[in-house]
Every structure is written in structure tokens, then in C-alpha cells.
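Below are the chains, spelled out letter by letter.
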Amino acid sequence: MDMRLSVDFCKTREDVRAHIGQYIPDVSDEQIDRWTAEGLLEAMEINGEQRYFRCAASNLFLIDPACKAVRDAAVRADAAQVRALHDTEAAETSGMYSLIDSCISSGKTLCNGEDIRVRHTITLDADAVPAGETVRCWIPFPRRDTPRQKNVKLLSANCPGYRMPDIKAPHSAVYMEQKAEAGKPTVFRIEYSFTSFGEYHDMSCIQAAEYDRKSDLYRRYTREQAPHIVFSDRMRELSDSLTAGQDNPVDKAKAIFCWIDSTFPWAGAREYGTIANIPEYVLDCGHGDCGQKTLLFMTLARIAGIPCAWESGLTDVPWEEWNMHDWCRVYFEGIGWIPVDQSAGIPEFATRHPELTWFNFGASDSYKIIVNSEWGKELQPRKRYPRSEPVDFQRGELEWKGGNLYFDRWDMDLEYERLNK
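Here we summarise the structure given alongside this text. These numbers were taken from a predicted model, which means no experiment stands behind them.

## As for the overall build of the protein chain
Phase 1 of the analysis: On a plain count of helices and strands, the protein chain comes out with eleven helices and 15 strands.
Phase 2 of the analysis: In terms of its C-alpha atoms, the protein chain occupies a principal-axis envelope of roughly 65 × 60 × 50 Å.
Phase 3 of the analysis: Relative to its 421 residues, the protein chain shows a buried fraction of 52%.
Phase 4 of the analysis: Pairs at least 24 residues apart make up 70% of the contacts formed inside the protein chain by residues separated by at least 6 positions.
Phase 5 of the analysis: Surface accessibility of the protein chain: about 19,000 Å² in total, with carbon and sulfur atoms responsible for 48%.
Phase 6 of the analysis: Taken together, the 50 basic and 66 acidic charged side chains of the protein chain have centroids lying 6 Å from each other.

Rendered as C-alpha cells:
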């Protein structure tokens with residue numbers, strides 16, 4: 001835990017001052033002290049010194065309204081950035097409308113298949129382990145048990161004797177081993193292809209039927225899952241207050257979705273393994289990233305009796321660079337499972353495109369790689385040492401007989417190719 005925190009909290013006060021100074025040149029010590037005391041600049045004492053979270057300064061301009069206004073004004077003054085934002089909105093709305101039109105015209109919920117090829121490389125630093133020692137590696141691989149992903153094929157792996165994941169494994173990973181060589185990085189690489197489909201359900205006016213509360217599905221996906229989905233008194237009271245007066249599960253889920261979206265801005269996240277309870281952390285800090293906000297949504301929804309299941313993996317939408325991403329699925333009786341992307345929330349451009357308001361509550365684009373159907377489960381084959389990321393699985397995992405190899409010892413590279421663009 002201490003090592004993980006020291007990697008995450010690696011910025012000095014001067015580092016923070018330099019970043020803030022890009023937008024607020026005359027930032028004072030008093031301002032930095034105030035933001036730190038209020039938790040707007042996340043800091044921690046590490047080895048007797050005050051250290052700041054690696055994203056503390058950039059997060060300040062996401063979570064503090066006054067600082068956000070300063071940054072937004074600077075962006076609006078940059079014609080190139082304004083054009084980029086307009087281009088991004090145009091591309092995003094075009095993709096949404098295309099998926100909706102395809103699903104409505106075909107009568108299907110899965111459309112707009114994208115053929116994707118990915119090369120995923122993990123490079124362990126030279127001499128990170130002694131020469132001749134065996135390095136064990138788990139690399140994320142697309143799930144083969146979801147209708148959203150078809151024709152999943154492993155095209156190549158650079159290590160003979162690799163092991164394919166079980167189709168129902170909660171974390172889908174190709175497993176490989178390789179001996180380290182002196183003075184050389186140890187490289188693990190797989191290449192795969194698959195067809196990814198967008199999904200759309202028009203949730204603007206759908207009402208769900210009553211749940212069968214005795215079913216295995218209902219009991220499994222409305223239960224607690226410590227340490228992060230815990231029905232504390234605080235969470236119960238919050239869920240009850242948000243869903244008060246709502247009778248239908250869809251309306252209850254929408255109320256929770258809207259409240260989280262309007263209350264907690266997105267911000268760069270600490271490693272999940274350093275946080276005791278992620279939903280409580282979001283409530284205390286007032287912000288969260290995709291997985292943190294998703295776990296808060298799942299906790300409040302499950303308390304309200306709405307089945308939710310975790311999903312996560314990677315994404316490479318055309319208007320952004322690849323990234324790790326988390327979301328969930330929600331089950332409504334008579335409708336089935338629908339995707340809910342809590343961190344995408346209600347799009348900012350929904351005022352101009354109101355018909356897209358609920359797109360992220362019931363729809364998903366074609367650019368996700370679904371890897372995980374659960375969080376915090378064992379990898380296959382089982383790791384001997386604790387995972388670098390004990391909650392999510394998106395970058396990969398490495399270890400040798402001497403222990404786990406943390407993220408600061410290796411690099412990950414992802415190359416996407418859309419074959420039918």
C-alpha cells in the first residue's frame with residue numbers, strides 16, 4: 001500500500017504551483033493552502049513529507065467551479081481548441097444518431113458493427129528481475145460471452161505455450177510466461193481482432209415490470225460486494241432519498257443516474273487499490289472517475305432493488321485517444337440488460353440535442369473492448385502475489401517468483417486499427 005501511495009502521490013508543492021501557474025500565474029501560497037485544506041488539491045504525507053496526488057493540479061480545474069471557469073475561458077480564447085471541441089461534438093453526435101437510426105430501422109438493439117484489430121504490448125524494464133527468472137504475464141483479451149462482441153480471434157502471441165482465458169472468466173486474460181534476459185526488456189505481445197457492436201434501447205418512455213425477487217439473477221445482482229459495494233446507513237439513506245416517490249425501477253435508476261451526473265464532476269483517479277471503499281470516497285471527495293462513479297451508482301441502485309453488473313475494459317472512440325473505461329449493465333424486467341455509462345452521463349450538448357439526453361442510459365457505442373464482467377476476482381491462472389490493480393483489470397498484470405511487478409516497472413502500448421472505417 002505504501003509503495004502504491006508513493007507512486008500516486010509523487011508531486012511536490014512546486015510541481016503543483018507550476019501547473020496551476022499555466023492558468024493562474026499569480027497563484028499564492030495562501031490559495032494553495034486553502035485548496036489543499038478543502039481537499040481540492042489532494043495531498044498526503046508520504047515518508048514525512050507532504051506530497052500531492054499526480055493529478056491534483058489538473059483535477060483542480062475540473063472540480064473547483066472558479067478554477068474551471070478560468071480554464072474554460074482560456075480554452076474559449078484559443079480558436080484551435082474551440083474548433084477541436086466543435087469537431088468532437090459533431091463526431092460524437094453523428095455516431096449517436098447513426099446508431100439510433102440503424103437500430104430503429106432494423107428493429108434490432110445491436111447494430112453498427114466495427115471490425116477492430118488490436119495489438120497489446122507490455123514491456124518490462126530491462127533488469128527488473130534477474131536474468132533467467134520467469135516472468136508471468138496476464139494481458140486483457142475481449143470477452144467471448146457477450147453478444148456485443150463477435151468473431152473474437154487471437155491472431156498472434158509472442159510467447160509459445162500461452163493460455164487462452166475461459167469464456168466465462170470474470171477477467172478475460174491471455175496468460176504467458178517468458179524468461180528475462182540480462183540488459184534487455186522483457187516483451188509480451190498479443191494481437192487480436194473482433195467485431196464490436198453498438199447497442200441502443202430507447203429508455204425515454206419505457207416502464208419495467210415487477211422483478212422476480214426470488215430469482216437467482218435478482219439475488220446475485222442486488223447483493224452487497226465488500227469492500228466497495230456496501231450498504232452502509234449513509235448509502236441506504238441516500239438511495240432512499242433519491243428514489244423517494246418513484247415506483248418504477250427505470251425511474252429510480254434514472255434519478256440516481258442524474259444525481260450522480262450533476263453532483264460529481266469527472267476527475268483523474270487514484271489507483272483503486274489504495275481506496276478502502278470507493279463509493280464512500282466519491283461522496284467524501286466530491287468527484288470521481290468512470291469506475292468510481294459507476295461503483296457509486298451500482299451501490300445506490302442495488303440498495304433500491306435494481307440489479308446491476310460491472311463491465312469494464314478499453315475504449316478507442318474515433319474522436320479521442322484510447323483509454324481505460326468502466327461502466328455497468330442494469331437489468332429491468334421485461335426489457336433485459338441495458339448498458340449504463342455513468343461517467344459519460346447526460347451529454348453537455350443535450351440542450352441542443354434533447355433526443356440524445358438518455359443515450360448513456362441505455363446505449364453504448366461500437367468502440368469498447370469488454371474485458372471484465374466483474375471486479376476484484378481472481379485471474380486465471382491465479383496470481384501468487386496481490387495484483388497491482390486489485391479491483392479492475394485493463395492494463396495487465398506481471399509478477400515473478402520474487403513478487404508482484406507494479407505499474408512503475410513496465411509500460412503498456414495499445415495499437416488500434418478500425419478495419420471498416
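Moving on from the model shown.
## Digging into the pattern of salt bridges
Phase 1 of the analysis: Per the counting criterion, the structure on display carries 30 salt bridges.
Phase 2 of the analysis: Residues Arg220 and Glu374 are paired through a salt bridge, measuring 3.7 Å at the closest nitrogen-oxygen approach. Note that Arg220 is positioned in helix H7 (residues 216–221) and Glu374 in the loop between strand E12 (368–372) and strand E13 (397–400), a separation of 154 residues in sequence.
Phase 3 of the analysis: The class of Arg220 is partly exposed, set by a relative accessible area of 41%.
Phase 4 of the analysis: Where Lys383 meets Glu399, a salt bridge forms, and the shortest distance between an N and an O atom there is 3.5 Å. Linking Lys383 in the loop between E12 and E13 with Glu399 in strand E13, this pair joins segments that are 16 residues apart in sequence.
Phase 5 of the analysis: For Glu399, a relative accessible area of 0% translates into the label buried.
Phase 6 of the analysis: The network of salt bridges with shared partners includes Arg13, Glu14, Arg17, Asp29 and Asp33.

## As for the sheet that holds E13
Phase 1 of the analysis: With respect to topology, four strands assemble into an open sheet ordered E6-E4-E13-E14, the strand pairing being antiparallel. Looking at which strands have only one partner, the edges of the open sheet turn out to be strand E6 (173–179) and strand E14 (403–405). Sheet twist, expressed as the mean angle between neighbouring strand axes with direction ignored, is 25 degrees.
Phase 2 of the analysis: Bridge analysis of strand E4 (residues 134–140) against E13 gives three bridges, and the strand direction is antiparallel.

## A look at the packing of aromatic side chains
Phase 1 of the analysis: Evaluated as defined, the whole model comprises 16 aromatic pairs.
Phase 2 of the analysis: Their ring planes at 40 degrees and their centres at 6.4 Å tell us that Phe332 and Phe361 sit as a pair that is tilted. With a gap of 29 residues between them, Phe332 in strand E9 (residues 323–332) and Phe361 in the loop between strand E10 (336–340) and strand E11 (363–364) connect regions that are remote in the sequence. Accessibility classification places Phe332 together with Phe361 in one group, the buried group.
Phase 3 of the analysis: Here Trp358 and Phe361 contribute two aromatic rings whose centre-to-centre distance is 5.9 Å and whose plane-to-plane angle is 70 degrees, an arrangement assigned as edge-to-face.
Phase 4 of the analysis: According to the relative accessible area criterion, Phe361 is buried, its value standing at 0%.
Phase 5 of the analysis: Among the aromatic side chains, those forming a connected cluster through ring pairs are Tyr211, Tyr218, Tyr221, Tyr331 and Trp337.

## Some details on the sheet that holds E9
Phase 1 of the analysis: Across the sheet, four strands lie side by side as E10-E9-E8-E12; this open sheet has antiparallel pairing. Both edges of this open sheet fall to E10 and E12, since each of them pairs with a single strand only. Averaged over all neighbouring strand pairs, the angle between strand axes comes to 40 degrees, with direction disregarded.
Phase 2 of the analysis: Across eight bridges, strand E8 (residues 308–315) lies against E9 in antiparallel orientation. Looking at the pairing, Gly313 lines up with His325 of E9.

## Some points on the packing of helix H8 (residues 233–243) against helix H9 (residues 249–263)
Phase 1 of the analysis: Packing of H8 against H9 leaves a shortest axis separation of 8 Å and a crossing angle of 110 degrees. One element, H8, and the other, H9, form an angle in the roughly perpendicular class. Both H8 and H9 take part in a crossing whose hand is right-handed. Of H9, the residues touching H8 (which contributes Leu238, Leu242 and Thr243) are Lys252, Ala255, Ile256 and Trp259.
Phase 2 of the analysis: Residue composition of the contact of H8 with H9, grouped by class: five nonpolar, one polar and one charged.

## Thoughts on the environment of Val70
Phase 1 of the analysis: Take Val70: it is sitting in helix H5 (residues 65–76).
Phase 2 of the analysis: Among the residues examined, Val70 registers a relative accessible area of 33% and is labelled partly exposed.
Phase 3 of the analysis: Placed 158 residues apart in sequence, Val70 and His228 show a C-alpha to C-alpha distance of 35 Å.
Phase 4 of the analysis: Beyond its immediate chain neighbours, meaning those up to four positions away, Val70 contacts Tyr23 and Ile24.

## Looking at a negative patch on the surface
Phase 1 of the analysis: A grouping of Asp125, Asp408, Asp411, Asp413 and Glu415 is seen on the molecular surface, where their side chains present a negatively charged patch.
Phase 2 of the analysis: What makes Asp411 exposed here is its relative accessible area of 52%.

## Details of H9
Phase 1 of the analysis: Taking 1.5 Å of rise per residue, the 15 residues of H9 would be expected to cover 21 Å, and the 21 Å separating its terminal C-alpha atoms lies within 8% of that figure.
Phase 2 of the analysis: Tucked into the core, H9 has its buried residues touching H8, helix H11 (290–303), E9 and E10.
Phase 3 of the analysis: Where H9 begins, the side chain of Asn248 points an oxygen toward the backbone nitrogen of Val250, at a separation of 3.0 Å.

## Thoughts on the packing of H9 against H11
Phase 1 of the analysis: It is at 10 Å that the axes of H9 and H11 come closest, and there the two elements cross at 145 degrees. Here H9 and H11 pass one another in a crossing that is right-handed. Only Lys293, Leu296, Phe297, Leu300 and Ala301 of H11 make contact with H9, whose side of the interface consists of Ala253, Ile256, Phe257, Trp259 and Ile260.
Phase 2 of the analysis: Of the residues assigned to the contact of H9 with H11, the class counts are nine nonpolar, no polar and one charged.

How each quantity is defined
Residues numbered from 1 in each chain as written. Predicted model: local features only at pLDDT ≥ 70, side-chain atom pairs only at ≥ 80, totals over all residues. Heavy atoms only, no water. Helix = DSSP H or I, 4+ residues; strand = E, 2+ residues; numbered from the N terminus. Buried < 20%, exposed > 50% of the residue type's maximum accessible area, 1.4 Å probe, protein only. Contact = heavy atoms within 4.5 Å. Areas by Shrake-Rupley, 256 points an atom, 1.4 Å probe, with all protein chains shown as cover. Lys, Arg positive; Asp, Glu negative; His and termini not counted. Charge placed at Lys NZ, Arg CZ, Asp CG, Glu CD. Salt bridge = Lys/Arg side-chain N within 4 Å of Asp/Glu carboxyl O. Pairing = 2+ DSSP bridges. Axes fitted to C-alpha atoms, helices over the stretch in contact; angles between N-to-C directions. Phe/Tyr/Trp six-rings, centres within 6.5 Å; stacked < 30°, edge-to-face > 60°. Parallel < 35°, antiparallel > 145°, perpendicular 65-115°, else oblique. Left-handed = near helix turned anticlockwise from the far one by under 90°. Nonpolar A, V, L, I, M, F, W, Y, C, P; charged D, E, K, R; others polar. Patch = residues over 30% accessible without salt bridge, like charges linked within 9 Å, V, L, I, M, F, W, Y side chains within 5 Å. Expected span 1.5 Å × (residues − 1). Polar contact = N/O pair within 3.5 Å; in protein donor to acceptor, adjacent residues only side chain to side chain.

So far we have only geometry, and geometry alone does not tell us how the molecule works.
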